[in-house]
Amino acid sequence: MRRDVFQAIADPTRRAIITLIAIQAMTPNAIAEHFETSRQAVSKHLRILTECELVSQNQSGREIYYELNADKMKEIDQWLEQFRRIWESRFKALDQVLSNLKNNKQ
């Protein structure tokens, strides 16, 4: 089953895993060391992240390394960009209101 990217990042543990492997590729055991949960739970999170293509697996000898798929993260960034523009315009409008209030007091 292919999962939605936003469903995957909704979980705080999966977001933490993404943060970890954004720095460097890691094995499931190395990732699990950062959490107070079972190795099996971490594997489930990795499976979900892999299904939605946020992370990819690379085998090196007997070890499997997980690394971030930066291209897939762009999909999230593009979706957020529309809201970023709205927030920025509202902040600019608020700055203008505050500036006007400050000038009127002087």
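Figured I'd write up the structure that's included with this text. Everything numeric in this text was worked out from a predicted model, so none of it was measured.

Rules and cut-offs
Residues numbered from 1 in each chain as written. Predicted model: local features only at pLDDT ≥ 70, side-chain atom pairs only at ≥ 80, totals over all residues. Heavy atoms only, no water. Phe/Tyr/Trp six-rings, centres within 6.5 Å; stacked < 30°, edge-to-face > 60°. Salt bridge = Lys/Arg side-chain N within 4 Å of Asp/Glu carboxyl O. Helix = DSSP H or I, 4+ residues; strand = E, 2+ residues; numbered from the N terminus. Buried < 20%, exposed > 50% of the residue type's maximum accessible area, 1.4 Å probe, protein only.

**Notes on the packing of aromatic side chains**
Evaluated as defined, the whole model comprises 3 aromatic pairs. An aromatic cluster is defined as three or more aromatic residues linked by ring pairs; in this entry it consists of Phe 6, Trp 79, Phe 83 and Trp 87.

**Notes on the pattern of salt bridges**
Under the criterion given, the structure shown has 7 salt bridges. Of the charged contacts in the structure, one is a salt bridge between Glu 81 and Arg 84, with a shortest N-O distance of 2.4 Å. With Glu 81 and Arg 84 both in helix 5 (residues 70-105), this residue pair falls 3 residues apart, about one helical turn. Residue classification places Glu 81 among the partly exposed positions, given a relative accessible area of 25%. Taken together, the salt bridges that share partners define one network made up of Asp 77, Glu 81, Arg 84 and Arg 85.

**Describing unusual backbone geometry**
Note on backbone geometry: most residues besides glycine have negative phi, and most peptide bonds are trans. Of note in this structure, Glu 53 is not a glycine but carries a positive phi near 70 degrees. By secondary structure assignment, the location of Glu 53 is in the loop between helix 4 (39-51) and strand 1 (55-60). Residue Glu 53 is classed as partly exposed on the basis of its relative accessible area of 37%.

Coordinates in, geometry out; function isn't part of it.
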